Amino acid sequence: MTRTAQSSRVPFFAALCLFLSAVEYAIPKPLPFMRLGLANLPILISLAMMSKRDVAFLIVLKVLGQALISGTLFSYVFVFSAAGSFASGFAMLLLYALFHKKKLMSNIGLSLAGALANNAAQVAVARLMIFGAETRFIAPLLFFTGLVTGLVLGVFVNIFCAKSSWYKRLLAEQLDSNTAGGEVSPSLQSPRAESAPVFSAAPSSGSPLDADAKTSRVQFIAAMILFPIFLLHGLVVPKSVSGIARVCIVWIFAAAFFTMAAIKKRGRIKVLPSVFMTIGITFFALLAPSGKVLLSLGKFRITLDSLLVGLHKSGILTGMVFLSQFAISPHLHLPGKAGVFLGQMFTTFDALTAKRLHFSRGRVIAALDSRLNELWEE
């Protein structure tokens, strides 16, 4: 298969990643924070259908797409997502190249490796950005859930590949293309590959959409300027400034970003997640007592330095969340080839979500397969 045919599938598979992320929320789970990792299914099956370069680009689109849809591009969520996705994706790429082609590793093994790599990367980020040494309290649970979800996803991928007529159709089309000497069949092109609007295309001058696009671009650029200033503010704040003052500076930034996001979204800002995050981060910081004891509750001591560390870290992460909500807009247009692929991805994602899928016990794969076949034929 030529690179054109392979690359045309990338936006479709990326849209499928986003779609499966949404589908996962509809599937009952024993624990609310447990993620099955369904969004990795397209990456797993792409290993046999795409070049390493296209798989890597698919991972990039998945990370960017999730950040743009959720409005977390400038937040700690994006850092966690990017670290986990890249670690997982490249671990599966490496192991596939080394072992899978030689039939030494199944999809279950690849999925387990990807899940553990994802957990390892996120634990490392959590240690660096949030919890510090206290990460050891949550790491065992993360790795255990990673083993469980990796195993479940691997089994699901095997069943999907065995039962999905859409997957078999793609394999057959790929084989036909290779047999034909690499000529690209129209059916190999990703649906909407030619008709998808270019993400970076400029709307007609003077239209409301044009004004919205310009405003979104200005907001995005402003966020890109403010983001490093906010993260590196400690470099310009004199060391003589007290810890309390440093915490106040961070939360002033966070309050300013919240105000900017609230004005942009006309007050439709979710505050509770940031409140819970602040409480959680501060609690874990207090598990390592340091400084003057402010309050003792049995053996649990609330100390000044630990409290300031927790409030400082949570302030930075909260500010990142609000800045991200200010920066990201549906009207944002990105330039270049990445913008084109993002446009195709979002167009396909809109088509995937245009109709509600009705999942019932034993018919998850059938419902998904039917929707994929329907869209592939459009």
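Residues numbered from 1 in each chain as written. Predicted model: local features only at pLDDT ≥ 70, side-chain atom pairs only at ≥ 80, totals over all residues. Heavy atoms only, no water.

An unreviewed UniProt entry annotates the protein chain as Heptaprenyl diphosphate synthase component I.

Observations concerning the nonpolar core
Applicable threshold: Nonpolar cores were defined as sets of buried Ala, Val, Leu, Ile, Met, Phe, Trp, Tyr and Cys residues, with membership established by side-chain atoms within 4.5 Å. Exposure is judged per residue with a 1.4 Å probe applied to protein chains only, and the accessible area is read against the type maximum: over 50% gives exposed, under 20% gives buried, and values in between give partly exposed. Numbered from the N terminus, helices here are DSSP runs of H or I no shorter than four residues, and strands are runs of E no shorter than two. These domain boundaries are the output of an automatic or database domain assignment.
Of all hydrophobic cores here, the largest spans 77 residues; its most connected members are Phe 13, Ile 45, Phe 160 and Trp 166. Counting residues per element, this core draws most heavily on helix H1 (residues 3-24), at 10 residues. Viewed by domain, this core spans two of them, domain 1 (3-163 + 333-377) and domain 2 (211-327), each represented by three or more residues.

Some thoughts on the UniProt feature "transmembrane region" (unreviewed entry) in the protein chain
As a reminder of what qualifies: UniProt positions are given in the numbering used here, feature names are shortened, and annotations may be inferred rather than shown by experiment.
Residues annotated by UniProt as "transmembrane region" (unreviewed entry) correspond here to residues 73-98, 110-131, 137-161, 218-237, 243-263 and 275-295. Within residues 110-131, the helical portion is 100% and the strand portion 0%, while the C-alpha atoms at the span's ends are 29 Å from each other. Overall, residues 137-161 shows 92% helix and 0% strand. The separation of its end C-alpha atoms is 37 Å.

Points about the side chain of Thr 135
Where we set the bar: Contacts are residue-level and defined by heavy atoms, with any inter-residue pair within 4.5 Å sufficient.
With respect to the helices and strands, Thr 135 occurs in the loop between helix H5 (107-131) and helix H6 (139-163). You can call Thr 135 buried: its relative accessible area is 3%. Not counting chain neighbours up to four residues away, the residues in contact with Thr 135 comprise Val 123, Ala 126 and Arg 127.

What to know about the packing of H5 against H6
Basically, it comes down to this: In this analysis, axes come from line fits to C-alpha atoms, helices being fitted only over the stretch in contact, and the angle between any two N-to-C directions falls in the range 0 to 180 degrees. Comment on the angle field: the value is read as roughly parallel under 35 degrees, roughly antiparallel over 145, roughly perpendicular from 65 to 115, and oblique elsewhere. The crossing is said to be left-handed when, going from far helix to near helix, the turn is anticlockwise and less than a right angle, and right-handed when the turn is clockwise. Note on residue classes: Ala, Val, Leu, Ile, Met, Phe, Trp, Tyr, Cys and Pro are nonpolar, Asp, Glu, Lys and Arg are charged, and everything else, Gly too, is polar.
Closest axis-to-axis distance for the H5/H6 pair is 7 Å, and the angle between their directions is 150 degrees. Taken together, the axes of H5 and H6 lie roughly antiparallel to each other. Note on packing geometry: the crossing formed by H5 with H6 is right-handed. Residue-level inspection shows Asn 107, Ile 108, Ser 111, Leu 112, Ala 115, Leu 116, Asn 119, Ala 120 and Val 123 of H5 in contact with H6, the latter providing Ala 139, Leu 142, Phe 143, Gly 146, Leu 147, Gly 150, Leu 151, Leu 153, Gly 154, Val 155, Val 157 and Asn 158. Taken together, the residues of the contact of H5 with H6 break down into 14 nonpolar, seven polar and no charged.

Digging into the environment of Trp 166
Positionally, Trp 166 belongs in helix H7 (residues 165-179). Sequence spacing of Trp 166 and Asp 369 is 203 residues, and the spatial spacing of their C-alpha atoms is 6.1 Å. Residues in contact with Trp 166, not counting those within four places in the same chain, are Phe 12, Phe 13, Leu 16, Ile 45, Phe 160, Asp 369, Leu 372, Asn 373 and Trp 376.

Overview of the pairing of strand S2 (residues 300-303)
We apply this condition: Here, strands pair whenever DSSP counts at least two bridges between them.
For strand S1 (residues 293-297) and S2, the ladder comprises four bridges, and the chain directions are antiparallel. Bridge assignment links Leu 297 to a residue of S2, and that residue is Phe 300. Joining the antiparallel neighbours S1 and S2 is a turn of two residues, in which Gly 298 adopts a positive phi near 70 degrees.

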